[in-house]
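Residue-level listing of the chains:
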Amino acid sequence: MASSRLSTPPAKGVRFEEVDGLLPENKELRSKLFDLSNLRGKYPQVFIEDGGEYEFVGDWDAFEAIVENDTVSETTARMQGIKTFSSVFSKCM
């Protein structure tokens, strides 16, 4: 369920902000984010913002997998190239 996953970033000390892409004042940002993700009109999408620069993390399915994978040990994740919440969002924590 989306709402339970949305509580993960704040619970782990990551500031989380939702952007309503339908609002006219967000049109420029929405276009910029769609250009990064190459996924127009597919919601939600997860990005990391750092100093005005954005990095695309993934769509909702990818985000859920990253959250689920946080139970994998760091060594296993590193060896198998598994993205975990802690590794993807480490610079935000």
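Everything discussed here concerns the structure shown above.
Not measured: the values here are computed from a predicted model. (Residues numbered from 1 in each chain as written. Predicted model: local features only at pLDDT ≥ 70, side-chain atom pairs only at ≥ 80, totals over all residues. Heavy atoms only, no water.)

Enquirer: Give a description of the pairing of strand β1 (residues 45-50) that names residues and reports values.
Expert: As paired elements, β1 and strand β2 (residues 53-59) share six bridges and run antiparallel to each other. Looking across to β2, one finds that Glu-49 is bridged to Tyr-54. In this structure, the hairpin formed by β1 and β2 is closed by a connection of two residues, where Gly-51 is found at a positive phi of approximately 65°. (Pairing = 2+ DSSP bridges. Helix = DSSP H or I, 4+ residues; strand = E, 2+ residues; numbered from the N terminus.)

Enquirer: An account of the side chain of Ser-37 is requested, with residue identities and associated values reported.
Expert: When you line up the elements, Ser-37 lands in helix α3 (residues 27-37). In this structure the side chain of Ser-37 is engaged in a polar contact, spanning 2.7 Å, whose partner is the side chain of Gln-45. (Polar contact = N/O pair within 3.5 Å; in protein donor to acceptor, adjacent residues only side chain to side chain.)

Enquirer: Summarise the nonpolar core; cite the residues concerned and give the values.
Expert: Judged by nonpolar contacts, Val-14, Val-46, Ile-48, Val-57, Trp-60, Phe-63, Ile-66, Val-67, Phe-85, Val-88 and Phe-89 together constitute the single largest core of 11 residues. Elements represented by at least two residues in this core include exactly β1, α4 (60-68) and α6 (85-88). Looking at this core element by element, the count peaks at four residues for α4. (Core = buried A, V, L, I, M, F, W, Y, C linked by side-chain atoms within 4.5 Å. Buried < 20%, exposed > 50% of the residue type's maximum accessible area, 1.4 Å probe, protein only.)

Function cannot be inferred from these measures alone, as they are strictly geometric.
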